[in-house]
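# Architecture and fold: a report
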Amino acid sequence: MCPAGAPASVGTGGPLFAGVTYATGGVFHAGDTDTVVAAPSWPCRDAGFVEAKFDTSLFIYHHGAETVYLLFYVDDIVLTASSESLLRRLIASLQQEFAMKDLGALDHFLGVTVEPHPARLLLHQRQYTLDILKRVGMTDYKPAPLRLTHKYLTFTRPDITYAFQQICLHMHDLREPHLTALKRILRYLRGSVDFGLLHRRSSSTELIVYTDADWAGCPDTRRSTSGYAVFLGGNLVSWSSKRQPLVFVSSAEAEYRAVANGVAEASWLRQLLAELHSPLSRSALVYCDNVSAVYLSTNPVKH
C-alpha cells in the first residue's frame, strides 16, 4: 500500500536478483501518518506500475529494457531499478509528491542488515540478535551449540527454524523444559550473531526443492513435521519447518505431504518470477528421500 500525504525518505543500494545486478535499490520511509489508501492512484498505477498478483505489496514497472520494483511494507518501501538514471528519474517524480530525503545505500530494512559485496549479498540480523540478548540479560552468557527465539530471526537464520518451531508448539503452556530449550537457543545465537544468508550472483536460474518429514515425530500427538528448502540458482530463497495437521499411518503419506508443500512453494515462486519478468526456462526439480512418495507424485491417478 502507498502512504498518502506523508513525508518520506529514500535510500539506495545494489541488490542482486536471479543473476542480474540491478544498479540501485533503497528504502523509502513515510513519516507518522494514519492515512493509507488501499488502491493507490500514484505513483503505482498512474506511473505505469502494475500490482503483482502473487504479492500484493509488490508493484512492477517494465517498459522495454527498463524495470523498477517497489515493495511496500506498512510505511516502508524497498526500491530497486535496472539503471541509475531510471532510479534518479523515479526519485525526482516521487519528490514532486512527497517530502523525501536520500539516505544513500540500502543497509537495513525491517531488522535485516544488508551488506553488499562484489558478486554477492549478505543478509544478517546481528544487531537484532544482540538486542534480544540484551533484553533478556544474556549478552555475557557462554555460547552453546544448538541441539534442539524470536520469530523474525528466522528471516535470515534457517538453522534455527526447526528449533523455533518446536518451541512455538508449547507457547500457550510453557514449562521448565521449554524455558531451558529456549535459553539453549539464545546461547547458540550468542555464539553465532554473525551468521546470515549469503546470496551469490549466479547465471543459473534452476529452481531446486529439497523436502523431508519425520514420520510421527511428535511424541504427544504422533503428528509429523514436514520441511522444505528452495534454492534458486544455488541460493537459498525459501524454507519452512511445520507440523502437519493430520496423523498419517505411513511414512509415505507424511513424505508426500512434505513434497506437496514444497511443490506449492516452488509454483508460487515460479509465478512470482514470471511477474518479475525473469521467467524460469526449466521445470523445478524436487528431491524426496522416500521412494513410495516419489511414485505417488509421478502417478497422475493420485492427483
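Throughout what follows, the structure given in this document is the object of discussion. (Residues numbered from 1 in each chain as written. Predicted model: local features only at pLDDT ≥ 70, side-chain atom pairs only at ≥ 80, totals over all residues. Heavy atoms only, no water.)

### Structural notes on a nonpolar patch on the surface
Among the surface-exposed residues, Tyr 73, Val 74 and Leu 110 lie close enough to one another that they form a single nonpolar patch of about 290 Å² accessible area. Mapped onto the fold, Leu 110 is located in the loop between strand S12 (108-109) and strand S13 (112-117). (Patch = residues over 30% accessible without salt bridge, like charges linked within 9 Å, V, L, I, M, F, W, Y side chains within 5 Å. Areas by Shrake-Rupley, 256 points an atom, 1.4 Å probe, with all protein chains shown as cover. Salt bridge = Lys/Arg side-chain N within 4 Å of Asp/Glu carboxyl O. Helix = DSSP H or I, 4+ residues; strand = E, 2+ residues; numbered from the N terminus.)

### Thoughts on the sheet that holds strand S17 (residues 225-232)
Taken together, the four strands give an open sheet; going across it, the order is S18-S17-S16-S19, and neighbouring strands pair in mixed fashion. Lying at the two open borders of the sheet, with one neighbouring strand each, are strand S18 (235-243) and strand S19 (285-287). Averaged over all pairs of adjacent strands, the angle between their axes in this sheet comes to 15 degrees, without regard to strand direction. Here S17 runs beside S18; their pairing, made up of eight bridges, is antiparallel. Along S18, the bridge assignment pairs Ser 226 with Lys 242. Docked against the sheet, helix H3 (residues 161-168) engages strand S16 (207-214), S17 and S18, running at close to 25 degrees with respect to S18. Contacts from helix H5 (residues 251-275) reach S16, S17, S18 and S19 within the one sheet, and its direction differs from that of S16 by about 155 degrees. (Pairing = 2+ DSSP bridges. Axes fitted to C-alpha atoms, helices over the stretch in contact; angles between N-to-C directions. Contact = heavy atoms within 4.5 Å.)

### Overview of the pairing of S16
Here S16 pairs with S17 via eight bridges, running antiparallel. Bridge assignment links Asp 214 to a residue of S17, and that residue is Thr 225. Of the strand pairs in this sheet, S16 and S19 are connected by three bridges, and their pairing is parallel. Its bridge partner being in S19, Ile 208 is matched across the sheet by Leu 285.

### Observations concerning the sheet that holds S13
Backbone-to-backbone hydrogen bonds join strands into a sheet, with any given pair of strands oriented parallel or antiparallel. Spatial ordering of the open sheet is given by S12-S13-S14-S15, a layout of four strands whose pairing is antiparallel. Whereas interior strands pair on both sides, the edge strands pair on one side only; in this sheet they are S12 and strand S15 (196-200). Here five bridges tie S13 to strand S14 (residues 120-124), and the two strands are oriented antiparallel to one another. Its bridge partner being in S14, Val 114 is matched across the sheet by Leu 123.

### Some remarks on the pairing of strand S8 (residues 58-63)
In this sheet, S8 lies alongside strand S7 (residues 50-51) in antiparallel orientation, the contact comprising two bridges. Among the inter-strand pairings, Val 50 is bridged to a residue of S8, identified as Ile 60. Pairing of S8 with strand S9 (residues 66-73) involves six bridges; the strand directions are antiparallel. Counterpart to Phe 59 in the pairing with S9 is Leu 70. The hairpin turn running from S8 into S9, its antiparallel successor, is two residues long, and Gly 64 in that turn takes a positive phi close to 65 degrees.

### What to know about the packing of helix H2 (residues 126-135) against helix H4 (residues 176-190)
Running from N to C, H2 and H4 point in directions that differ by 135 degrees, and their axes come no closer than 10 Å. Compared by their axis directions, H2 and H4 come out oblique. Both H2 and H4 take part in a crossing whose hand is left-handed. Each of Thr 129, Ile 132 and Leu 133 in H2 lies in contact with H4, whose residues at this interface are Leu 186, Leu 189 and Arg 190. Of the residues contributing to the contact of H2 with H4, the split by class is four nonpolar, one polar and one charged. (Parallel < 35°, antiparallel > 145°, perpendicular 65-115°, else oblique. Left-handed = near helix turned anticlockwise from the far one by under 90°. Nonpolar A, V, L, I, M, F, W, Y, C, P; charged D, E, K, R; others polar.)

Remember, this is a structural readout, not a statement about activity or role.
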